[in-house]
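Survey of secondary and tertiary structure
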Amino acid sequence: MLAHITPAFLVVGPVATEDNVANLCGYAFDVAQQMGASTTYATNTEYSVTDFAAVFVLGSVTELRDAPTLVLVGEALAAGVPVLEPQGPQAAGRCDDCGQRQTIRTVTDEHGDTTCATCRGEAACAWCGDDADASTEIVERGETWIPVHVGCVRGVLPVAA
């Protein structure tokens, strides 16, 4: 793991098939983009849930069947790490400032305006730590999606040989 990057969220869900893993990877991308923080998707139990601020579950906790997912959710619950299920479609919205679709966690302010993590000033480049902006991209490194400025990508991605 890079010294500058602290994974914020772990995403768990079905991993029994290639399609399951692809869905989990896509959900992790959405979490990283909408929450404005690096997000790792778990395909095995080799993660310490206490290294993460929260665990997002793809699907409902009551519907989980895959052993790795059940183990990680159980460890998170036992350690007091928040386990967050997807919000219902009726809670989805768009950021009133930039228009980003909010499907993971829609946040409204005291006036009822919907704002994304970037517009709230909560999203940051995982490499340099500066606030996220229009140049911020979500890049994949291993099983982690990382929000970084375009100019910081070289610090995050390995140099091609």
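Up top you'll find the structure we're talking about.
To keep things clear, this report deals only with the structure shown in the data block. The structure presented is a predicted model; accordingly, all values stated were derived computationally and were not measured.

Let's shift gears to the pairing of strand E7 (residues 136–141). Every regular strand shows the same layout, with side chains that alternate between the two sheet faces. Bridge analysis of E7 against strand E8 (residues 144–149) gives 6 bridges, and the strand direction is antiparallel. Note that in E8 the partner of Glu140 across the bridge is Trp145. Taking the residues that link successive antiparallel strands as the turn, the E7-E8 hairpin has 2 residues, and the phi of Gly142 there is positive, at about 65°.

Where charged atoms of side chains with opposite charge meet at close range, the side chains can pair. Within this structure, the stated rule accounts for 1 salt bridge. For the salt bridge of Glu122 with Arg120, the shortest nitrogen-to-oxygen distance reads 3.0 Å.

Applying the stated criterion to the full structure yields 2 aromatic pairs. Seen in terms of ring centroids, Phe9 and Phe56 are 5.3 Å apart; in terms of plane orientation they differ by 85°. Their pairing is edge-to-face. Remark: Phe56 occurs in strand E3 (residues 54–57) and Phe9 occurs in strand E1 (residues 9–12); sequence separation between them is 47 residues. In this pair, the class of Phe9 matches that of Phe56, namely buried.

Here we take up the environment of Gln34. Along the polypeptide, Gln34 turns up in helix H1 (residues 18–35). By relative accessible area, Gln34 is classed as buried at 5%. Sequence spacing of Gln34 and Ile104 is 70 residues, and the spatial spacing of their C-alpha atoms is 6.8 Å. Discounting residues that sit within four places of it in the chain, Gln34 has contacts with Gln100, Arg101, Gln102, Thr103, Ile104, Arg105 and Ala117. A polar atom in the side chain of Gln34 sits 2.8 Å from the backbone nitrogen of Ile104.

Strands sit in the order E4-E3-E1-E2-E8-E7 across an open sheet of 6 strands; the sheet is mixed. Two strands lie at the open edges of the sheet, namely strand E4 (83–84) and E7, each paired on one side alone. For E1 and strand E2 (residues 39–41), the ladder comprises 3 bridges, and the chain directions are parallel. Looking at E2, one finds that Leu10 is bridged to Thr40. Each of E1, E2, E3, E7 and E8 touches H1; the most contacted strand, E1, lies at about 150° to it. Sheet strands touched by helix H2 (residues 67–79): E1, E3 and E4. Its angle to E1, the strand with the most contacts, is close to 140°.

What counts, and where the lines are drawn
Here the residue numbers are simple positions, counted from 1 along each chain's written sequence. pLDDT decides what is reported in this predicted model: residues at 70 or higher carry local features, side-chain atom pairs at 80 or more are listed and counted, and totals for whole chains, interfaces and linings draw on all residues regardless. The basis for the side-chain values is all heavy atoms of the structure; hydrogens and waters are excluded. Two strands pair under a simple rule: DSSP has to find at least two bridges between them. Elements are defined by DSSP. Helices are runs of H or I of four residues or more, strands are runs of E of two residues or more, and each kind is numbered from the N terminus. Whenever a carboxyl oxygen of Asp or Glu lies within 4 Å of a side-chain nitrogen of Lys or Arg, that contact is scored as a salt bridge. Two aromatic rings, drawn from Phe, Tyr or Trp (for Trp, its six-membered ring), form a pair once their centres lie within 6.5 Å of each other, and the interplanar angle then sorts them: stacked below 30 degrees, edge-to-face above 60, tilted otherwise. The buried label applies to any residue whose accessible area, calculated with a 1.4 Å probe on protein chains only, is under 20% of its type's maximum; exposed applies above 50%, and partly exposed to all values in between. In what follows, a contact means two residues having at least one pair of non-hydrogen atoms within 4.5 Å. The definition of a polar contact used here is a pair of N or O atoms within 3.5 Å, where within protein one atom must be able to donate a hydrogen and the other to accept one, and adjacent residues in sequence count solely through side-chain atom pairs. Only C-alpha atoms enter the line fits that serve as axes; for helices the fit covers just the stretch in contact. Angles between N-to-C directions range over 0 to 180 degrees.

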